[in-house]
Structures are given as C-alpha cells and as structure tokens.
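What follows is each chain in one-letter form.
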Amino acid sequence: MIKVSDQAKAKAIQLMTEDGFNPAEDYIRVGVKSGGCSGLEYVLGFDNQKADTDQIFEDNDVKIVVEKKAILYLAGTILEYSGGLNGKGFVFNNPNASRTCGCGESFSL
C-alpha cells in the first residue's frame, strides 16, 4: 500500500527513537486532510495507538498505520526522505496525485 525507501526508514527510526517511540512496535501514522494549496494535505506523525478505523501496513520493516478512509488517496505512495541543504525532509511520491504544490506537502486527485 505505502512503500518506504531506505532513506525514509533510516530517518524515521532515528526520529522515532529520539521522540521516545519504539520503531519495532510503534507506527508511522500517515493520513490526508483538507487543506494546503492543492486541496488535500498529507499528515505524518508517530503513534503507538491503533483505532478500529485504522489499517496497518508494513514495508521495509517499518509499520505504517493509515485511517481506512485515507487509503484511497494514498494507495501506491512511496515515502521518501530528502536531506541536506536543499532537502525537503519526508516526501510523498503519490501516483494518484494529479496536481501537487511546489513544496510537495499538498495534492489533488
């Protein structure tokens, strides 16, 4: 469902550990909400709770939790990480997005 690149995995594990989460047990929560310049905005965070409305995926030894209503928007997305001076941090490469904004944090279908 959502793929995780090696760079995103390494950075996520580092940040989860720094924030007191256990990467072997806890999740990266990925979602979508209304907003941003293109209409929909990505949501990314860490979580140790799973709701009844969530679905869990695992890729590259990273657990991802997504609210079921967001799956349609995120199917096939690759979570990547771009560091360095010109890096954008975590980047969503979403094949469903017909338009994205310049910063890459929002999209439309």
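Note that the coordinates shown come from a computational prediction; the quantities given were computed from them, not determined experimentally.

A short note on the overall build of the protein
Here is step 1: Counting secondary structure elements, the protein contains two helices and nine strands.
Here is step 2: When burial is assessed residue by residue, the protein has 32% of its 109 residues classed as buried.
Here is step 3: Residue pairs in contact within the protein that sit at least 24 positions apart in sequence constitute 49% of those at least 6 positions apart.
Here is step 4: A total of about 6,200 Å² of accessible surface is found on the protein, and carbon and sulfur atoms cover 47% of it.

Remarks on the environment of Met1
Here is step 1: Mapped onto the elements, Met1 comes out in the segment before β1 (3–4).
Here is step 2: On the accessibility criterion, Met1 (26% relative accessible area) is partly exposed.
Here is step 3: Along the chain, Met1 and Phe57 lie 56 residues apart, while their C-alpha atoms are 7.0 Å from each other.
Here is step 4: What Met1 contacts, discounting residues up to four positions off in sequence, is Phe57, Val66, Ile71, Leu74, Ala75, Gly76 and Thr77.

Focus on the pairing of strand β4 (residues 54–59)
Here is step 1: Here β4 pairs with strand β5 (residues 62–67) via six bridges, running antiparallel. The residue bridging Ile56 from the neighbouring strand is Val65, located in β5.

What about unusual backbone geometry?
Here is step 1: Look at Asn60: it is not a glycine, yet its phi comes out positive at around 55°.
Here is step 2: Following the sequence through the fold, Asn60 ends up in the loop between β4 and β5.
Here is step 3: With relative accessibility at 25%, the residue Asn60 sits in the partly exposed group.
Here is step 4: Despite not being glycine, Asp61 shows a phi value in the positive range, around 65°.
Here is step 5: Mapped onto the elements, Asp61 comes out in the loop between β4 and β5.

Quick notes on the pairing of strand β2 (residues 27–34)
Note on strand geometry: in a regular strand, side chains alternate between the two faces of the sheet.
Here is step 1: Judged from the eight bridges that link them, β2 and strand β3 (residues 40–47) form a sheet pairing that is antiparallel. From the neighbouring strand, Ile28 faces β3, where its bridge partner is Phe46.
Here is step 2: Across three bridges, the pairing between β2 and β5 is parallel. Paired with Arg29 across the two strands is Val65, which belongs to β5.

Overview of the pattern of salt bridges
Here is step 1: Within this structure, the stated rule accounts for five salt bridges.
Here is step 2: For Asp61, the salt bridge is made with Lys9, and the minimal N-O distance between the two is 3.6 Å. One end of the pair, Asp61, is in the loop between β4 and β5; the other, Lys9, is in helix α1 (residues 6–18), with 52 residues separating them in the sequence.
Here is step 3: On the basis of relative accessible area, Lys9 is assigned to the partly exposed category, the value being 21%.
Here is step 4: Glu67 is the partner of Lys69 in a salt bridge, and the nearest nitrogen-oxygen pair spans 4.0 Å.
Here is step 5: Judged by its relative accessible area of 62%, Lys69 is exposed.
Here is step 6: Residue class for Glu67 comes out partly exposed when judged on its relative accessible area of 32%.
Here is step 7: What emerges from the salt-bridge pattern is a single network uniting Arg29, Asp47 and Asp54.

Reading the values: the criteria
Sequence positions are assigned chain by chain, starting from 1 and proceeding in written order. Where local features are concerned, this predicted model is filtered to residues with pLDDT of at least 70; where side-chain atom pairs are given and counted, the filter is 80 or more; whole-chain, interface and lining totals use all residues. Note that the side-chain values use all heavy atoms of the structure and ignore hydrogens as well as water. Elements are defined by DSSP. Helices are runs of H or I of four residues or more, strands are runs of E of two residues or more, and each kind is numbered from the N terminus. Think of it in three bands: residues with accessible area under 20% of the maximum for their type are buried, residues over 50% are exposed, and the middle band is partly exposed, with areas taken using a 1.4 Å probe on protein chains only. Any pair of residues with heavy atoms lying within 4.5 Å of one another is described as a contacting pair. Residue-level accessible areas treat just the shown protein chains as cover; the underlying method is Shrake-Rupley with a 1.4 Å probe. In short, DSSP must find at least two bridges between two strands for them to pair. Here, a salt bridge means any Lys or Arg side-chain nitrogen found within 4 Å of an Asp or Glu carboxyl oxygen.

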